[in-house]
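Working through the structure, step by step
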Number of protein chains: 2
Amino acid sequence: MRIGIVGGGQLGRMLALAAVPMGHEVSVLAQRDDEPACAVARPFLGAFDDEAVLARFVEHLDVVTYEFENIPQRTLRWLAARVPVRPGLRSLEVAADRASEKALFRELGIDAAPARLVDDPRSLEDAVLALGLPAILKTRRLGYDGKGQRVLRAPGDVAGAFEALGAVPSILEGFVPFTRELSILGVRAIDGAIATYPLVQNEHRDAILLRTDAPALGVSEALAARARAAITALLGALDHVGVLALELFEHDGRLLANEIAPRVHNSGHFSIEGAETSQFEAHVRAIVGDPIGSTALRRRSTMVNLVGALPPREALLEIPGAHLHLYGKTPRPGRKLGHVTIEGEDEAAHGEAVRRVLALVRGTGTA
Amino acid sequence: MRIGIVGGGQLGRMLALAAVPMGHEVSVLAQRDDEPACAVARPFLGAFDDEAVLARFVEHLDVVTYEFENIPQRTLRWLAARVPVRPGLRSLEVAADRASEKALFRELGIDAAPARLVDDPRSLEDAVLALGLPAILKTRRLGYDGKGQRVLRAPGDVAGAFEALGAVPSILEGFVPFTRELSILGVRAIDGAIATYPLVQNEHRDAILLRTDAPALGVSEALAARARAAITALLGALDHVGVLALELFEHDGRLLANEIAPRVHNSGHFSIEGAETSQFEAHVRAIVGDPIGSTALRRRSTMVNLVGALPPREALLEIPGAHLHLYGKTPRPGRKLGHVTIEGEDEAAHGEAVRRVLALVRGTGTA
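A brief report on the enclosed structure follows. (Residues numbered from 1 in each chain as written. Chains lettered and ligands numbered in written order. Predicted model: local features only at pLDDT ≥ 70, side-chain atom pairs only at ≥ 80, totals over all residues. Heavy atoms only, no water.)

A closer look at the overall build of chain A
For clarity, the cut-off: Counting from the N terminus, the helices are DSSP H or I runs at least four residues long and the strands are E runs at least two residues long. Computation of the radius of gyration draws on C-alpha atoms, with the globule rule given as 2.2 Å multiplied by the number of residues to the power 0.38. Burial classification: accessible surface area is computed with a 1.4 Å probe over protein chains only, and a residue below 20% of its type maximum counts as buried, one above 50% as exposed, and the rest as partly exposed. Contacts are residue-level and defined by heavy atoms, with any inter-residue pair within 4.5 Å sufficient. The protein chains shown are the only cover counted for residues, whose accessible areas, like all others here, come from Shrake-Rupley with a 1.4 Å probe. Neither His nor the chain ends contribute to the count of charged residues, in which Lys and Arg are positive and Asp and Glu negative. Where a charge lies is defined by one atom per residue type: Lys uses NZ, Arg uses CZ, Asp uses CG and Glu uses CD.
Assigned secondary structure in chain A consists of 12 helices and 17 strands. Compactness check: chain A gives a C-alpha radius of gyration of 20 Å against a globular reference of 21 Å for 367 residues, within 12% of the reference. Summarising its shape, the C-alpha atoms of chain A cover approximately 55 × 55 × 40 Å along the three principal directions. Per-residue burial for chain A yields a buried fraction of 57% across its 367 residues. Long-range contacts, defined here as pairs at least 24 residues apart, represent 61% of the contacts in chain A between residues at least 6 apart. Carbon and sulfur atoms provide 51% of the accessible area of chain A, an area that totals close to 14300 Å². Here chain A carries 41 positive and 46 negative side-chain charges, and the mean point of each set is 1 Å from the other.

This is the structure:
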């Protein structure tokens, strides 16, 4: 099939790298030809609202998917009128708006942090009264990697906070004590068949994902079942086709939903080596109508992001079980440049390999 | 690094698919832009002796490799004068000429089928007298997938055989009774470090590889050690950098070398899923000067080639543990269009999955 990916970043690159071996032709809608996906797909360059570019892009396609949420709805509607867009627009609409996301969690009985809509300084004050402090003010749209967020710790932080985030529709979330961050990925086929990846544990640094451990250790089967039930309910309710990610907080044996991403997700990168079918292959299989494949874990795997700078290459590649994935981006502080997956059967050897990778990553000053 | 691959076929495609995630930029020297590698690399199109194309190709490169043997020596010499070519020209020279290959086996004490040079009808008669019948007449150069070969079974087959193969320098090989065909792949780094993949078992149909089982079962440790010693000696003697394949016959507890391929090899395709580092990644690591990585087997794996026609896609992808690799080629009888790798921990389940794949492949009339 001829697959189009809206967005030329690393997720698009890894989708293309999974699609090509399955015999698909991949085009990518990007802004510049040095974006990561352009190295392995046919690039169509231009603004997302440039209908001439969209027309050339779509002309060659059987199906369109996307690799990030912040695509103008108008662009996707224009494309969807001409070719199937998977996942559908509803997934994107819900995920792009924290208020819709919370409403869906509530509707499906998925526990989440308490939240209030904030549309002006006055409603922020009301929300603070209702939820107490500390609390987190988040813009409803366009937030990622900690951007568009502000922690309110003391009453003095409240005044001006709404304006500091741009005076845009926001929500205030009550503070949730949490022991650790988890996530679960699921994938749904066109015929409604669903498969889920194991629950994984995530560790952030400066609001950017640093590390994912698959599977999350010490998770009770009851908790894992609740996570699977949540992602399964979300996939069905959204009539989602492809991969969907759900970020969760765990505390005291409880799970609280944080947010969803209607796409392949950084916390699923371990699956390239770690799962029988990677999240990228599973997404491609789903959107073209193929059977999804097994999402079972092959081996214990740890993913470490390379952010801002790259550790010494040779030292990294000497570490047993380490696999390097680079995105072809110019280093810049805070920029995700690649990731390393460390897989291993033996717990002690795996732990030692992860420590060696983290030491190298820390040596670059990025972790 | 900027890697150039001479040849645009499926081996080049899979090399590029392994190189890009490691952060390399890949260019490919091909004849037409619909060749398999062109979908994932920057294509430079033209005849191998077109120096204007070669100059544009090499301008962008830090290292050149190749994906098939039958490249004009002149082309590689021209390139090697400008940029490192890995593996080196000696590997290609030896592998491209069955007489040099046999001489190297002899020099290294590697057992091989008895053979005589054949340069004219008269030397063919002498060779038949020396080796007896049946025997196989093979052109010294340009043979692959059973092309350039002729089996001489009875005295009446001898007259005209030399001319039928084009009256070119050939060799006559004595008939070797064999139980099964095996192969072993090794990879050598620039610093001389060597790693070997497990010995695998191959099954051909109409002189084209149908199936590879990794590892080969029922191999004594002594036999496996001899195979490792042979590939290790060859890698060293050729000062080879990258992957080298050695095809072997097994009979009665003995191994006889058949031929070498100075490149990634069809019998190593299982390694994409089956080994910790695939042959493609290992080759790329070697030629750019990175540590090779572990070549250990992850799981029992079987590779089945898709030749001439493609089996029903959905039925194939429903088989547990089956991974599809298509090369983007138009179906044509005898053409390798892709392969399926079936991996599995459990012997019975794996065997059943392989049977299902083979039944589908047979259903297309190609196996």
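There is more to say after this.
A word on helix α1 (residues 10-19) of chain A
Most of α1 of chain A is tucked away, with 10 of its 10 residues classed as buried. Those residues of α1 of chain A that sit buried are Q10, L11, G12, R13, M14, L15, A16, L17, A18 and A19 of chain A.

Quick look at the pairing of strand β13 (residues 242-251) of chain B
If a strand is regular, its side chains alternate between the two faces of the sheet. Residue and element names in this part refer to chain B. Defined as follows: Note on pairing: DSSP must find at least two bridges between two strands before they are called paired.
For β13, the buried fraction is high: nine of the 10 residues fall into the buried class. Here strand β9 (residues 180-188) pairs with β13 via nine bridges, running antiparallel. Of the residues in β13, the one forming a bridge with R188 is G242. In this structure, β13 lies alongside strand β14 (residues 254-261), joined through seven bridges in antiparallel fashion. By the bridge assignment, L246 is partnered in β14 with I260. Joining the antiparallel neighbours β13 and β14 is a turn of two residues, in which D252 adopts a positive phi near 55°.

Some remarks on the sheet that holds strand β1 (residues 2-6) of chain A
Residues and elements named next belong to chain A. Condition: For helices, the fitted axis covers only the stretch in contact; all axes are lines through C-alpha atoms, and the angles between them, taken along N-to-C directions, range from 0 to 180 degrees.
Reading across from one edge, β3-β2-β1-β4 is the order of the four strands in this open sheet, with parallel pairing throughout. What marks the edges here is a single partner per strand, and that holds for β3 (42-45) and β4 (63-66). Here the average twist between neighbouring strands, direction ignored, is 25°. Looking at chain direction, β1 and β4 are connected through four bridges and run parallel. Across the sheet, the residue bridging to I5 is T65, located in β4.

Quick word on the interface of chain A and chain B
Put simply, the test is: By definition, the buried area sums, over both parts, the 1.4 Å-probe accessible area that each loses when the two are put together. We define a salt bridge as a contact between a side-chain nitrogen of Lys or Arg and a carboxyl oxygen of Asp or Glu at a distance within 4 Å. The term polar contact refers here to a pair of N or O atoms within 3.5 Å; inside protein, the definition further demands a hydrogen-donor-capable atom paired with an acceptor-capable atom, and it admits residues adjacent in sequence only when both atoms are side-chain atoms. Each residue gets one label: Ala, Val, Leu, Ile, Met, Phe, Trp, Tyr, Cys and Pro are nonpolar, Asp, Glu, Lys and Arg are charged, and the others, such as Gly, are polar.
Contact with chain A, which involves 29 residues of that partner, is made by 29 residues of chain B. Summing the contributions of chain A and of chain B, the shared interface buries around 2600 Å²; its carbon and sulfur component is 48%. Interface area lost by chain A to chain B is led by P21, R298 and L317 of chain A, which between them contribute 20%. The shortest N-O distance in the salt bridge between R298 of chain B and E343 of chain A comes to 2.6 Å. For the pair chain A and chain B, the number of links is 19 residue pairs in polar contact (both at pLDDT 80 or more). At the level of elements, α1, α10 (279-288), α11 (313-317) and β16 (322-326) of chain A are the ones that each hand at least two residues to the side of chain A that touches chain B. Per-element accounting of the side of chain A that touches chain B gives the leading share, five residues, to β16 of chain A. The residue makeup of the side of chain A that touches chain B, split by class, is 11 nonpolar, six polar and 12 charged.

Comments concerning the packing of aromatic side chains
Residue and element names in this part refer to chain B. Inclusion rule: Here a pair means two rings of Phe, Tyr or Trp (six-membered ring of Trp) with centres within 6.5 Å. Their orientation is stacked below 30 degrees between planes, edge-to-face above 60, and tilted elsewhere. Counting as a charge over the ring demands two things of the Lys NZ or Arg CZ atom: a distance within 6 Å of the ring centre and an angle within 35 degrees of the ring normal.
Using the criterion set out here, one finds six aromatic pairs over all chains in the structure. A centroid spacing of 5.8 Å and a plane angle of 65° characterise the contact between F44 and F57, whose relative ring orientation is edge-to-face. Of the two residues, F44 sits in strand β3 (residues 42-45) while F57 sits in helix α2 (residues 51-59), which places them 13 residues apart along the sequence. On the basis of relative accessibility, which here comes to 0%, the residue F57 falls in the buried class. Between F48 and F68, the ring centres sit 5.9 Å apart and the planes meet at 40°, which makes this aromatic pair tilted. Separated by 20 residues along the polypeptide, F48 in the loop between β3 and α2 and F68 in the loop between β4 (63-66) and α3 (73-80) bring together distant segments of the chain. For F48, a relative accessible area of 14% gives the class buried. Of note, R82 hangs over the ring of W78, and the distance from its end group to the ring centre comes to 3.6 Å.

Focus: helix α12 (residues 347-363) of chain A
Residue and element names in this part refer to chain A. Stated precisely, the cut-off is as follows: Residue count minus one, scaled by 1.5 Å, sets the expected span of a helix.
For α12, built from 17 residues, the straight-helix expectation of 24 Å at 1.5 Å per residue is met to within 8% by its first-to-last C-alpha distance of 24 Å. For α12, the complete set of buried residues consists of H350, G351, A353, V354, V357, L358, L360 and V361. Residues of α12 that are buried make contact with β12 (208-214), β15 (300-307), α11 and β17 (336-344).

Structural notes on the side chain of E173 of chain A
Residues and elements named next belong to chain A. Relative to the helices and strands, E173 resides in strand β8 (residues 170-174). Taking the relative accessible area as the measure of exposure, E173 reaches 4% and is therefore buried. Here K138 takes part through its side chain, which lies 3.2 Å from a polar atom of the side chain of E173. For E173, the residues in contact, after removing those within four places along its chain, are K102, A113, P114, A115, L131, A135, I136, K138 and N258.

Observations concerning the packing of helix α2 (residues 51-59) of chain A against helix α3 (residues 73-80) of chain A
Residues and elements named next belong to chain A. Put simply, the test is: For classification purposes, an angle smaller than 35 degrees is called roughly parallel, one larger than 145 roughly antiparallel, one from 65 to 115 roughly perpendicular, and anything else oblique. Throughout, a crossing is termed right-handed when the near helix is turned clockwise from the far one, and left-handed when it is turned anticlockwise from it by less than a right angle.
Between α2 and α3, the shortest axis-to-axis distance is 11 Å and the interhelical angle comes to 40°. Of the possible angle classes, the one that applies to α2 and α3 is oblique. Crossing of α2 against α3: the hand is right-handed. Contact residues: α2 offers E51, L54, A55, F57 and V58, while α3 offers R74, T75, W78 and L79. Here the residues of the contact of α2 with α3 sort into six nonpolar, one polar and two charged.

Observations regarding the side chain of E35 of chain B
Residues and elements named next belong to chain B. Position of E35 among the secondary structure elements: in the loop between β2 (25-30) and β3. The buried charged residue E35 lacks any salt bridge partner; its closest oppositely charged side chain belongs to R32, at an N-O distance of 5.4 Å. A distance of 2.8 Å separates a polar side-chain atom of E35 from the backbone nitrogen of Q31. What E35 contacts, discounting residues up to four positions off in sequence, is G8, G9 and A30.

Things to note about the state of the cysteines
Heads up, the condition is: Any two cysteine sulfur atoms within 2.5 Å of one another count as a disulfide.
Counting across every chain of the model gives zero disulfides over all chains. With no disulfide of its own, C38 of chain A has C38 of chain B as its nearest cysteine by sulfur position, at a separation of 17 Å. Overall, C38 of chain A belongs to the buried group, its relative accessible area being 10%.

Structural notes on the environment of R74 of chain B
All names here are of chain B. In this structure, R74 sits in helix α3. Judged by relative accessible area, which is 59%, R74 ranks as exposed. Along the sequence, R74 and I208 sit 134 residues apart, while their C-alpha atoms lie 29 Å from each other.

What about the nonpolar core?
Rules: What is meant by a nonpolar core is a set of buried Ala, Val, Leu, Ile, Met, Phe, Trp, Tyr and Cys residues, joined one to another through side-chain atoms within 4.5 Å.
Counting residues in each nonpolar core, the largest one holds 84 residues, and the members touching the most others are I3 of chain A together with I3 of chain B. Apart from the residues within four sequence positions on either side, I3 of chain B is in contact with A19, H24, E25, V26, S27, L61, V63, T65, V284, I287 and V288 of chain B.

Remarks on the relation of the copies chain A and chain B
Our working definition: Copies are brought into register by a least-squares superposition over C-alpha atoms of residues with pLDDT of at least 70 in both.
At an RMSD of 0.0 Å, chain A and chain B line up after a rotation of 180° and a shift of 0.0 Å along the axis. Both chain copies can therefore be described as sitting about a two-fold axis. Closest approach to the rotation axis among the C-alpha atoms of chain A is made by V40 of chain A, whose C-alpha sits 2.2 Å away. The overlap is high: 100% of the interface residues of chain A also sit at the interface in chain B, so the same surface is used on both sides.

Some remarks on the pattern of salt bridges
Residues and elements named next belong to chain A. Counted according to the given criterion, the structure contains 46 salt bridges over all chains. A salt bridge links R300 to E347; the shortest N-O distance between them is 3.8 Å. Note that R300 is positioned in strand β15 and E347 in helix α12, a separation of 47 residues in sequence. A relative accessible area of 55% places E347 in the exposed class. Sharing partners across several salt bridges, the network here consists of K102, K138 and E173.

Spatial relationships are all this shows, so hold off on functional conclusions.
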